[in-house]
Every structure is written in structure tokens, then in C-alpha cells.
Amino acid sequence: MNHKSKESIIILGAGVLTEPMIKRSSELGLHTIVFEFYKDAPGLRFADEVRQVNLKDIKLTVECAREVARHFHVKGVATCGAELAACVSSISRALSLPGISLEVVLECDDKMAMRHRLTEAGIDHVRWAHVHSLEEALKAADKVVGYPCVLKPRDNCGSRGVKRVIDPEDLKNWFGTASGFSQLPGVLIEQYLDGPRQTIEMLVYGGEESSLREGVRVRTWWQVS
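## Focus on the sheet that holds strand β7 (residues 163-165)
The strands that make up a sheet are held in pairs by hydrogen bonds between backbone atoms, and each pair lies either parallel or antiparallel. As summarised here, the arrangement of the four strands in space is β5-β8-β6-β7, forming an open sheet in which the pairing is antiparallel. The two strands at the open ends of the sheet, each matched to only one other strand, are β5 (128-131) and β7. In this sheet, adjacent strand axes meet at a mean angle of 25° when their direction is disregarded. Taken together, the four bridges between β5 and strand β8 (residues 187-191) define a ladder with antiparallel strand orientation. The residue bridging tryptophan 128 from the neighbouring strand is glutamate 190, located in β8. Its contacts with the sheet place helix α5 (residues 111-120) against β5, β6 (149-153) and β8, and it is angled at close to 145° to β5. Against the sheet, helix α6 (residues 134-145) engages β5, β6 and β8, with an angle of about 165° to β5.

## Quick word on the pattern of salt bridges
It is possible for side chains of opposite charge to pair when their charged atoms get near one another. One pass over the structure, following the stated rule, counts 10 salt bridges. For arginine 70, the salt bridge is made with glutamate 67, and the minimal N-O distance between the two is 2.8 Å. Its relative accessible area of 36% is what places glutamate 67 among the partly exposed residues. A salt bridge links glutamate 190 to arginine 115; the shortest N-O distance between them is 3.2 Å. Placement of the pair is glutamate 190 in strand β8 and arginine 115 in helix α5, with a sequence separation of 75 residues.

## Let's talk about unusual backbone geometry
Outside of glycine, negative phi angles account for most residues, and trans bonds account for most peptide bonds. Between tyrosine 147 and the following residue, proline 148, the backbone shows a cis peptide bond with an omega angle of -5°. Looking at the element boundaries, proline 148 is found in the loop between α6 and β6. One non-glycine residue with positive phi stands out, namely serine 96, at about 55°. Here serine 96 is to be found in the loop between α3 (85-94) and α4 (102-109). Overall, the relative accessible area of 68% leaves serine 96 in the exposed class.

## Section: the side chain of serine 90
Note on placement: serine 90 falls in helix α3. Judged by its relative accessible area of 15%, serine 90 falls in the buried class. Among the polar contacts listed, one links the side chain of serine 90 to the backbone oxygen of alanine 86, at a separation of 2.8 Å. Apart from the residues within four sequence positions on either side, serine 90 is in contact with Ile58, Val62 and Leu102.

## Looking at the packing of α4 against α5
The contact between α4 and α5 brings their axes to 5 Å, and the two run at 105°. When the axes of α4 and α5 are compared, the pair comes out roughly perpendicular. Contacts between α4 and α5 involve Glu107, Cys108 and Asp109 on the former and, on the latter, Lys111, Ala113, Met114 and Arg117. In terms of residue class, the contact of α4 with α5 is built from three nonpolar, no polar and four charged.

## Some points on helix α1 (residues 19-27)
Among the residues of α1, Glu19, Met21, Ile22 and Ser25 are the ones counted as buried. Buried residues of α1 fall within an arc of 165° about the axis and therefore sit on the same side. Glycine 29 sits one or two residues past α1 and shows a positive phi near 90°.

## A word on helix α7 (residues 168-180)
When the terminal C-alpha atoms of α7 are compared, their 19 Å separation across 13 residues agrees well with the 18 Å that a helix rising 1.5 Å per residue should span. At tryptophan 174, α7 is deflected by roughly 40°, the largest bend along its length. Looking at the buried positions of α7, the neighbouring elements they touch are β5, α6, β6, β7 and β8. Two or three places before glutamate 169, at the start of α7, stands the capping residue aspartate 167, its side-chain oxygen 3.2 Å from that residue's backbone nitrogen.

Parameters at a glance
Residues numbered from 1 in each chain as written. Predicted model: local features only at pLDDT ≥ 70, side-chain atom pairs only at ≥ 80, totals over all residues. Heavy atoms only, no water. Pairing = 2+ DSSP bridges. Helix = DSSP H or I, 4+ residues; strand = E, 2+ residues; numbered from the N terminus. Axes fitted to C-alpha atoms, helices over the stretch in contact; angles between N-to-C directions. Contact = heavy atoms within 4.5 Å. Salt bridge = Lys/Arg side-chain N within 4 Å of Asp/Glu carboxyl O. Buried < 20%, exposed > 50% of the residue type's maximum accessible area, 1.4 Å probe, protein only. Polar contact = N/O pair within 3.5 Å; in protein donor to acceptor, adjacent residues only side chain to side chain. Parallel < 35°, antiparallel > 145°, perpendicular 65-115°, else oblique. Nonpolar A, V, L, I, M, F, W, Y, C, P; charged D, E, K, R; others polar. Arc of directions from axis to C-beta. Expected span 1.5 Å × (residues − 1). Bend = angle between axes of the 7 residues up to and from the residue.

Spelled out as C-alpha cells, the structure:
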């Protein structure tokens, strides 16, 4: 059956963080097509269509999106609270939909590349260094960054492997842990900045909705063109 008459959105993932997005998309009158590997994911109860696919396999997921687009009027692709930005970008490119380029996504996934870009643009005033050994980290903390400082893997999220260290002994104890959470070489050591927590789950286009999460106001923008 061809469903080209109704605007559809492809949503990647149906976990607890993505569930509100699926529900809200339906409330906005969109035909929700959810890609998810696990059949018992909670957000699937709000989906109009479900495609079981391994979302870590970007090529396979893009092919699934191409097939969906042959039958549905797909106007957008998105996710929320899932580590699938590269997959979203690849689908948006394949289907000529609004989205962030894959090049930008990959640079954001690599925190060192992101720091370089921010520094080049003149909007990053955080002291930082990319180090490959404990000796380099101790030197950078002493000469460049200062204490307290933050150890951070280059290519992870959810604060996994991130540690605030207060002195050289603390740094020695945690350097190996931070290194173990990254598949890319080296670790970032950054200046520690104290202040209120700010979090943005996604940036969208064409409408605004505010919500509260953990006492912090989160702005959510929905992108459907």
C-alpha cells in the first residue's frame, strides 16, 4: 500500500528517552515510522509503523529508510537520547532531508576535533590538551590546564570515563580509566569550570516546546519541513 498522502517521520530508537518524541510526533499528526531492534522497546506502542533493524549497521538502516521512502511521504528523520547521530545524518543525506552533515557529526563525536573547531572559531576559551600518556597528562595539568581539571575520553558520551581530578595523585589513579573508555588514541584533559548544569537533548526546526528535566529547563525543537 502507498501512504504518500500523509506526512511521515522516521524515528530511530524506541527507548525511554525516545518514547516522548514518538508520542509527540503522533500528537502533531505525523505518521511515525520507528526503526528499532528490540521488539519490547517501550516507545513502540506509540508507533504507526515499526521496522526491526540493527541501528548500529548504518548501511543496512539507510537501505531500510530508502525502502520506507518508496511507500511513505517521509519529511524528516530524528532520534533523541540515543547515540545514533551518524545514522540520522546518513539517512537525511540519502533521502535529501534536512539534517546535519555527516562530517559535522563525526567531528562532534570526536571531542578533540570539536575542541579544535571551537578554538579555531574563537568561541572556545577552555584550556585543554590532548595527551597520550600519564606523563603528558601530568605535565599538561601542571603547565597548561591547572587543577582541578577533567579527564575525558575522545569518543564516548553519557559521561562514561569522565572524571574530575583535584591533584596529581587523583590524576594518576584515574588516567587509565579514562583511556579505557575511548577507541580513539589519547585522552582530553580540560580546565574544570564550575556552574549550573545545562543540557540540550536535540536541536530541531519549525516549532518550540519547553520541558523540565532534573530541575533544568530543556528547550526542544522539532524538525519537520
